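# Chains, contacts and geometry: an overview
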Amino acid sequence: MPSDDLHWFTTLAELERVGAAADRLHLTQPTLSRMLARLEHRLGIQLFDRHGKRLTLNAFGRVYYEHARRAQAELDAAARELADLANPAKGVVRLSFLHSFGARLVPDLIAGVRRTSANIAFALHQGASGMVAAHVLDGTSDLGLVSPKPSATGLGWRTLLHQRLALAVPADHRLAVRRQVRLAEAADADFISMHPGFGMRQILDDLCAAADFRPRIGFESSDLVTVAGLVAAGLGVAVLPLEEAPVRGPQPGPVLIPLSDPGATRAVGLIWSSTAVHSDAVRRFRDFAFAWAVE
């Protein structure tokens, strides 16, 4: 496959609309249609089924797309290696991480590595743990910071720290005066949690299962700051990290009571694709994070 075909074909395969793909590629629709016709003529096979303006990859197209995607990834890796050889002091680290790590952990790591490698740039993405793992696996991101450890295959993992977990309650809650608490003591409460797919939601579900009850979910959010705010407002209880409690601003936050349940911690770790070829900048950041973890 000529390298010029890689980008436009994978774009068209992923969008499956000539108009949308042409807009993204800054081409006219007739130009993109002619390019596709030439490619299919050269291969002697149709790669898409046509449904009016809609295209759908057929079995031949899916095979071709997988090879094109891998070829593009190899060329991108080669470009990064050449850039490293030309100027090893520069580079970009594409880092995905959970929202809750944006207040302290990510800034600490970036500031630390910048002290020795000032020219490294960062492209940052935030989302649920499943999204972070998917971005690392498909090459959208080089590295990810997640909790707990993902179950997906093809990922490397290194634990950076363990965070203690606490039951977050309103200031006037009956448990607010306790020095520690078992999660089962709040089994009758409404829980405020992250949406399914987020790491803290998985941790809550696992802890509740170990305590032999199913939490009654009153509210779900994609942001721990919102979870903490809802708890502080008296709308329920939640499980939050103790050392890195979300900041709510000038209003008082919830009361955090350390959990005494076995395993009431969350392992925070760095993930990477076990098959990707990483740039010098990515390797520098990963090595720094490993060294930071053992200090």
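Residues numbered from 1 in each chain as written. Predicted model: local features only at pLDDT ≥ 70, side-chain atom pairs only at ≥ 80, totals over all residues. Heavy atoms only, no water.

## Here's the deal with the environment of I110
Residue placement: I110 occurs in helix α5 (residues 105-114). Sequence separation of I110 and F288 is 178 residues, and the distance between their C-alpha atoms is 9.5 Å. Here I110 is in contact with F122, L124 and F285, once residues within four sequence places are set aside. (Helix = DSSP H or I, 4+ residues; strand = E, 2+ residues; numbered from the N terminus. Contact = heavy atoms within 4.5 Å.)

## A few points about empty space enclosed by the protein
Overall, the coordinates contain 2 cavities of 30 Å³ or more when judged by the stated rule. Put simply, the largest cavity is a space of about 70 Å³. Lining the largest cavity we find L98, H99, S100, M194, F198, G199, M200, L224 and R266. Residue classes in the lining of the largest cavity are distributed as 5 nonpolar, 3 polar and 1 charged. (1 Å grid on protein atoms, 1.4 Å probe; cavity = no way out; pocket = protein on both sides within 12 Å on 5 of 7 lines; lining within 4 Å. Points joined across faces, edges and corners; volume = space filled by probe spheres on them. Nonpolar A, V, L, I, M, F, W, Y, C, P; charged D, E, K, R; others polar.)

## Let's talk about the packing of helix α2 (residues 18-25) against helix α3 (residues 29-43)
Running from amino to carboxyl end, α2 crosses α3 at an angle of 105 degrees, the nearest separation of the two axes being 9 Å. For the element pair α2 / α3, the angle class is roughly perpendicular. Across from V18, G19, A21, A22 and L25 in α2, the residues of α3 making contact are Q29, L32 and S33. (Axes fitted to C-alpha atoms, helices over the stretch in contact; angles between N-to-C directions. Parallel < 35°, antiparallel > 145°, perpendicular 65-115°, else oblique.)

## Some remarks on the pattern of salt bridges
Pairs can form between side chains of opposite charge once their charged atoms are near each other. Scanning the entire structure with this criterion turns up 11 salt bridges. Notably, a salt bridge pairs E66 with R69, separated by 2.8 Å at the nearest N-O pair. Remark: R69 and E66 occur in helix α4 (residues 59-86); sequence separation between them is 3 residues, near one turn of the helix. Residue E66 is classed as partly exposed on the basis of its relative accessible area, which comes to 28%. Judged by its relative accessible area of 33%, R69 is partly exposed. (Salt bridge = Lys/Arg side-chain N within 4 Å of Asp/Glu carboxyl O. Buried < 20%, exposed > 50% of the residue type's maximum accessible area, 1.4 Å probe, protein only.)

Note that all results are geometric; they support no functional claim without further evidence.
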